[in-house]
Amino acid sequence: MAENEKRIKTHRIRCLSKMKMFLLAITCAFVSKTLSGSYMNSMLTQIERQFNIPTSLVGFINGSFEIGNLLLIIFVSYFGTKLHRPILIGVGCVVMGLGCFLQSLPHFLMERLSSYIWWFLVIYTYLRERNNTSYLELLCIYEYESTVSVSGNLSSNSFLCMENGTQIIRPTEDPSECVKEVKSLMWMYVLIGNIIRGIGETPIMPLGISYIEDFAKSENSPLYIGFVETGAIIGPLFGLSLASFCANVYVDTGSVNTDDLTITPTDTRWVGAWWFGFLICAGVNVLTAIPFFFLPKWLPKEGLKSNADIIKNDKEEKQREEVKKKKDGITKGIYNLPPVCIGYIAGGLIMKKFKITVKQAAHIACWLSLTEYLLHFLCFLMICDNSSVAGITTTYNGMQQDLYMENAILADCNRDCNCPTKTWDPVCGNNGVSYMSACLAGCETSVGAGINMVFQNCSCIQTSGNSSAVLGLCDKGHDCSMMLQYFLILSAIGSFIYSLSAIPGYMVLLRCIKPEEKSLGVGLHTFCTRVFAGIPAPIYFGALVDSTCLHWGTLKCGESGACRIYDSANFRYIYLGLPAALRGLSYIPAFLILNILKNRHLPGENVSSGTMLTEAKTTKKENECKDMDQNSKVLNDNELKTKL
């Protein structure tokens, strides 16, 4: 007897250890997948500048992750529960690592091609004796748009205002002189890698949640899923930190002399080392996959003592499937603010403590979400004006002008300077106004080199003393910095409120689905999210953002590159207004669902009283039958005795 109890106790400890091991592994998987996703979203601007592509195309690249996820989500959700779920999740993590590595590949391919082209140009120049050829123009390393030729002779001042002079940096207008850049289609690797990353992420969500639901205690599953979703918050925090580090490292560091750069990380032409973070994400995803290959296909139900209890428990669950009360919770969405972690855990604890029913969860989710939605409109009060750029947002006299005016770039002070009107190489004048280039500012001389260069004798800068300018845009001032702080505080409060409503809202979905169809239900929910939101949203958001661009960068052949400056007012309306409109429409079906639930009898709603009444009636009938049977037996015995 003692040995049997010891064996049961050891089996129970081993079972719980495996459950906790899976919980730790799936939490790490959520950390790694959200780490990769948040890093990708943070590097979209760097990728846009690296390949000089419009925001709408960047949105399509971002939405390709949803396309890859969409290809397999229904198949994996339906058939995945019949297969070895931990191994499928491990394979998915490895595939995500492969996708991240493929996304970083363009940098190494361009570097290899750069060395080949360099040697070709050296030999070609030696044969043709063209010693004045600029090799950098045809190399595949990143060359930002600039009027200052760092590799040339700075004392020539050919990039400054020179009456009747010639500018050497004008984009060529003759198509026959344009050479197609080797890197022009390298963004396809990023697109394909993102699709593969979406395919790898497919099994993690539905199979991981269903595995916890199947083998964890019903009262523990909301808390476990709260921990898993907390991992989905920790991942973006690491991803944003990694993105911040990589964005401040120059993309071609090691290949170019960074001391010669005339731009800083705050410049719109700067491109960070976006490829480096993808390598780290690839390694993290592969390492996360290892524990899943050592986990079993099935686990005994958490808290049960033996297989006999498992069989008995399964029978009892089938008998009371319509009246059982489970506590499920999961949320779909990735947030990068720490208050969301508290919100997820608090939501799981509240469900466990107060035993929330389906109707209560629906009301909590709806009204908390509505509160956060109304709070969102306060963001429209956070206003930051456009940067003062002469010829684009202001006149050369410092007055506001109508935006999108193409003929206001030149003024009387620089009309004879023969300046390029499309090249973006901004300088900040000591009058607080920015100019598209030192030439357009009317600057005639310069001192210093690199990022410390100072331009002097600028005819367009109207000041009482010596007019001068430095490289870069002027700061917007203290007011914009304060508006950013207010916006971040408001976002933190709104994210916390929304996170409290997220788990109860998703609990309504899971508790209305049969246990064997939960994985499929999560998959269908994810499928609809990808189709109606994940794929189209980045595309039409990108197209609308492109419409707010005030000045596009210019490639060497005169084609448009990435946007250099946006209209802040219209950008704010699109960034805040479009999500507000879409979310407002979503509350129409939300209130309809609340109305439907009000007139429906759902599992967990007043089932205890009804069940007790039914059981009492059944017990009463059984007792009556037993009494009648006993009475009939007594009468028969008496009759037999009388006859004898």
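Residues numbered from 1 in each chain as written. Predicted model: local features only at pLDDT ≥ 70, side-chain atom pairs only at ≥ 80, totals over all residues. Heavy atoms only, no water.

*Asks:* Tell me about the overall build of the chain, and please be specific about residues and values.
*Replies:* Along the backbone of the chain there are 16 helices and seven strands. Counting all 644 residues of the chain, 45% fall into the buried class. Long-range contacts, defined as pairs at least 24 residues apart, comprise 78% of the intrachain contacts of the chain with a sequence gap of at least 6. Counting only carbon and sulfur atoms, one obtains 62% of the accessible surface of the chain, whose full area is about 32,900 Å². (Helix = DSSP H or I, 4+ residues; strand = E, 2+ residues; numbered from the N terminus. Buried < 20%, exposed > 50% of the residue type's maximum accessible area, 1.4 Å probe, protein only. Contact = heavy atoms within 4.5 Å. Areas by Shrake-Rupley, 256 points an atom, 1.4 Å probe, with all protein chains shown as cover.)

*Asks:* With reference to specific residues and values, describe the environment of Leu471.
*Replies:* Tracing the backbone shows Leu471 in strand 5 (residues 468-471). Spatially, the C-alpha atoms of Leu471 and Gly429 are 9.0 Å apart, while their sequence positions differ by 42 residues. Every residue in contact with Leu471, bar those within four places of it in the chain, is listed here: Thr262, Asp425, Pro426, Val427, Gly450, Ile451, Met453 and Phe455.

*Asks:* Which residues make up the nonpolar core, and what are the values?
*Replies:* Counting residues in each nonpolar core, the largest one holds 32 residues, and the members touching the most others are Tyr39, Met40, Phe51, Ile61, Val190 and Trp274. Looking at this core, the elements that each hand over two or more residues are helix 1 (2-42), helix 2 (44-51), helix 3 (55-79), helix 4 (85-128), helix 5 (187-201), helix 7 (221-247) and helix 8 (274-289). In terms of residue count, the dominant contributor to this core is helix 8 (five residues). If sequence neighbours within four positions are ignored, Val190 has contacts with Met40, Ile47, Phe51, Ile61, Gln103, Pro106 and Trp274. (Core = buried A, V, L, I, M, F, W, Y, C linked by side-chain atoms within 4.5 Å.)

*Asks:* Explain the environment of Asn386 residue by residue, including any values.
*Replies:* Tracing the backbone through its elements, the reader meets Asn386 in the loop between helix 11 (358-376) and strand 1 (427-429). For Asn386, a relative accessible area of 21% translates into the label partly exposed. The spatial distance from the C-alpha of Asn386 to the C-alpha of Ala569 is 7.5 Å, given a sequence separation of 183 residues. Of note is the side chain of Asn386, whose polar atom sits 3.2 Å from the side chain of Asp567. (Polar contact = N/O pair within 3.5 Å; in protein donor to acceptor, adjacent residues only side chain to side chain.)

*Asks:* How would you sum up the packing of helix 13 (residues 518-534) against helix 14 (residues 536-546)? Please name residues and give values.
*Replies:* At a closest axis distance of 6 Å, the pairing of helix 13 and helix 14 adopts a crossing angle of 15 degrees. With respect to helix 14, the element helix 13 is oriented roughly parallel. Residues Arg530, Val531, Phe532, Ala533 and Gly534 of helix 13 form the contact with helix 14, whose participating residues are Pro536, Ala537 and Pro538. Its residues assigned to classes, the contact of helix 13 with helix 14 comprises six nonpolar, one polar and one charged. (Axes fitted to C-alpha atoms, helices over the stretch in contact; angles between N-to-C directions. Parallel < 35°, antiparallel > 145°, perpendicular 65-115°, else oblique. Nonpolar A, V, L, I, M, F, W, Y, C, P; charged D, E, K, R; others polar.)

*Asks:* Now, about helix 5: what can you tell me, with residues and values included?
*Replies:* When the terminal C-alpha atoms of helix 5 are compared, their 21 Å separation across 15 residues agrees well with the 21 Å that a helix rising 1.5 Å per residue should span. What helix 5 keeps buried is the set Trp187, Val190, Leu191, Gly193, Asn194, Arg197, Gly198, Gly200 and Glu201. (Expected span 1.5 Å × (residues − 1).)

*Asks:* Tell me about the environment of Cys458, and please be specific about residues and values.
*Replies:* Topologically, Cys458 is positioned in the loop between strand 4 (454-456) and strand 5. On a C-alpha basis, the gap between Cys458 and Leu440 in space is 9.0 Å, while along the polypeptide they are 18 residues apart. What Cys458 contacts, discounting residues up to four positions off in sequence, is Ala441, Gly442, Cys443, Ser467, Ser468 and Ala469.

*Asks:* Provide a residue-level description of the sheet that holds strand 3 (residues 445-447), including the pertinent values.
*Replies:* Taken together, five strands build an open sheet; the order of strands is 2-1-5-4-3 and the sheet is antiparallel. Two strands bound the open sheet, and with one partner strand each, they are strand 2 (434-435) and strand 3. Pairing geometry for strand 3 and strand 4, over three bridges, is antiparallel. Bridge pairing in strand 4 links Ser446 to Phe455. (Pairing = 2+ DSSP bridges.)

*Asks:* Any chance you could break down the pairing of strand 5 for me, citing the residues and the numbers?
*Replies:* As defined by bridge partners, strand 1 adjoins strand 5 across three bridges and the pair is classed as antiparallel. Among the inter-strand pairings, Gly429 is bridged to a residue of strand 5, identified as Ala469. By the bridge criterion, three bridges tie strand 4 to strand 5 in an arrangement that is antiparallel. Residue pairing across strands places Phe455 opposite Ala469, the latter belonging to strand 5.

*Asks:* Describe the side chain of His551, listing the residues and the values that go with them.
*Replies:* Within the element layout of this structure, His551 appears in strand 6 (residues 549-554). With a relative accessible area of 10%, His551 lands in the buried category. Only 3.1 Å separates the side chain of His551 from the backbone oxygen of Lys422, close enough to count as a polar contact.

*Asks:* I'd like a description of the packing of aromatic side chains, backed by residues and values.
*Replies:* Tallying each qualifying case throughout the model produces 20 aromatic pairs. For the ring pair Tyr250 and Trp270, a centre distance of 5.2 Å and an interplane angle of 65 degrees mean the geometry is edge-to-face. Placement of the pair is Tyr250 in the loop between helix 7 and helix 8 and Trp270 in the loop between helix 7 and helix 8, with a sequence separation of 20 residues. Residue classification places Trp270 among the buried residues on the basis of a relative accessible area of 6%. Measuring from centroid to centroid gives 5.1 Å for Tyr373 and Phe377, while their planes differ by 80 degrees, and the two rings are edge-to-face. Here Tyr373 falls in the buried class, since its relative accessible area comes to 11%. When its relative accessible area of 37% is taken as the criterion, Phe377 is described as partly exposed. Sitting above the plane of the Phe30 ring, Lys33 keeps its charged end 4.9 Å from the centroid. The ring of Tyr573 carries Arg572 above its face, with NZ or CZ at 5.1 Å from the centroid. (Phe/Tyr/Trp six-rings, centres within 6.5 Å; stacked < 30°, edge-to-face > 60°. Lys NZ or Arg CZ within 6 Å of the ring centre and 35° of its normal.)

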